[in-house]
Amino acid sequence: GILRPYDEARDWQARHEIRYAFDNGRSGASRVAAEAHQPTSPAPSDPDLLRFVYELDGEVQAYVFAVEAPLEAKEGETCFSISDFAYRRDCPEAAALVLKQLLARVAKFAPARITSRLPFDEALAEALQERGVGFTRLEMHQSVAGNMIQVLNLRAILETIAPELQSRLAASLALNWADTIQFVLPTESCSIRLEPGSVTVVEPESNTLRLEMTQAQFVKALFGIVAFSELPCSGDLDGRSLALMDALFPRTQAGSGPWG
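Summarised in this report is the structure supplied together with it.

What counts as what
Residues numbered from 1 in each chain as written. Predicted model: local features only at pLDDT ≥ 70, side-chain atom pairs only at ≥ 80, totals over all residues. Heavy atoms only, no water. Salt bridge = Lys/Arg side-chain N within 4 Å of Asp/Glu carboxyl O. Helix = DSSP H or I, 4+ residues; strand = E, 2+ residues; numbered from the N terminus. Buried < 20%, exposed > 50% of the residue type's maximum accessible area, 1.4 Å probe, protein only. Core = buried A, V, L, I, M, F, W, Y, C linked by side-chain atoms within 4.5 Å. Contact = heavy atoms within 4.5 Å. Bend = angle between axes of the 7 residues up to and from the residue. Polar contact = N/O pair within 3.5 Å; in protein donor to acceptor, adjacent residues only side chain to side chain. Pairing = 2+ DSSP bridges. Axes fitted to C-alpha atoms, helices over the stretch in contact; angles between N-to-C directions.

With that settled, the discussion passes to the pattern of salt bridges. Evaluated as defined, the whole model comprises 14 salt bridges. Of the charged contacts in the structure, one is a salt bridge between Arg10 and Glu55, with a shortest N-O distance of 3.2 Å. Placement of Arg10 in helix α1 (residues 8–23) and of Glu55 in strand β2 (residues 50–56) is noted, with a sequence separation of 45 residues between them. A salt bridge links Arg155 to Glu159, with the nearest nitrogen and oxygen atoms 3.2 Å apart. Here Arg155 pairs with Glu159, and both are found in helix α4 (residues 154–170), just four residues apart, close to one helical turn. With relative accessibility at 35%, the residue Arg155 sits in the partly exposed group. Judged by its relative accessible area of 43%, Glu159 falls in the partly exposed class.

Here we come to the nonpolar core. The biggest cluster of nonpolar side chains holds 34 residues, and the ones touching the most others in it are Ile181, Phe183, Phe228 and Met245. Elements represented by at least two residues in this core include exactly α4, β6 (179–184), β7 (189–195), β8 (198–202), β9 (209–212), α5 (215–222) and α6 (239–248). Ranked by residue count, the leading element in this core is α4, at seven residues. In this structure Phe228 touches Leu211, Met213, Ala221, Cys233, Ser234, Leu237, Met245, Asp246 and Phe249, once residues within four positions along its chain are discounted. Grouped together as the second largest cluster of nonpolar side chains are 31 residues, Tyr6, Val60, Ala66 and Val98 included.

The subject of this paragraph is α1. When the local axis directions of α1 are compared, the greatest deviation, roughly 25°, occurs at Ala14. Burial in α1 covers these residues: Asp11, Trp12, Ala14, His16, Ile18, Phe22 and Asp23. Buried residues along α1 sit in contact with β1 (2–5), β2, β3 (59–68), β4 (78–87) and α3 (122–129). For α1, the N-terminal cap is Asp7; the gap from its side-chain oxygen to the backbone nitrogen of Ala9 is 3.3 Å. Remark: Gly25 follows α1 within two positions and exhibits a positive phi of approximately 90°.

Below, the discussion takes up the sheet that holds β8. Here we have four strands laid out as an open sheet, ordered β8-β7-β6-β9, and mixed in their pairing. Every interior strand has two partners, whereas the edge strands, β8 and β9, have only one. Direction aside, the axes of adjacent strands within the sheet are offset by 25° on average. Here β7 runs beside β8; their pairing, made up of five bridges, is antiparallel. Bridge pairing in β8 links Ser191 to Val202.

In structure tokens:
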């Protein structure tokens, strides 16, 4: 393969395709449109910029964009920040190659440090570790007040995610489960009815599985930051109910957004 500077006129479409495939499906990832538009005035390739692509058999497999970040530098060091990075999942060696190229370029500024908010992704971590790219991984945890995501209309949220919950239920061992689940938040509550092949928002019923949750707990389950069984409110559920809730609200891959 070839490691070379990024050329917008040549690489804009491949970059978009790689980024879309890399981010798609991750909670917290920035929204990327499925289609991209050709830039009207593409920037020329500049070997002095910290922008690289890895090309194999004429096809771009990975790219990285980085910039110097003087405001993050500690005394006596030069700091750089990765502003954009993605690779094709079927070519994990490409991830290590573009980052090694970046490390080689900033080595002349030693002592130097490179920071980035990359997805919390075990496949990515292994791709880098196996190919000798050392890093320190810090998982960020925010306080309740540090997250601006709030539940403004619980019923509307449940109506919106009902098709996704239906798909998850159909793919689980609990596909024939029939029950009503009531989500009780501090300021409002709402219920969903599970039946074979459907999930609908309903009024509470006498045989309701009642789940008292904080806003932060509901949002974490909603975005797949944690599996439902990892929440404190899951402690009173029996094994069957807990398995059902984990099927509906599993831990999912997180992107590099506010929960990344």
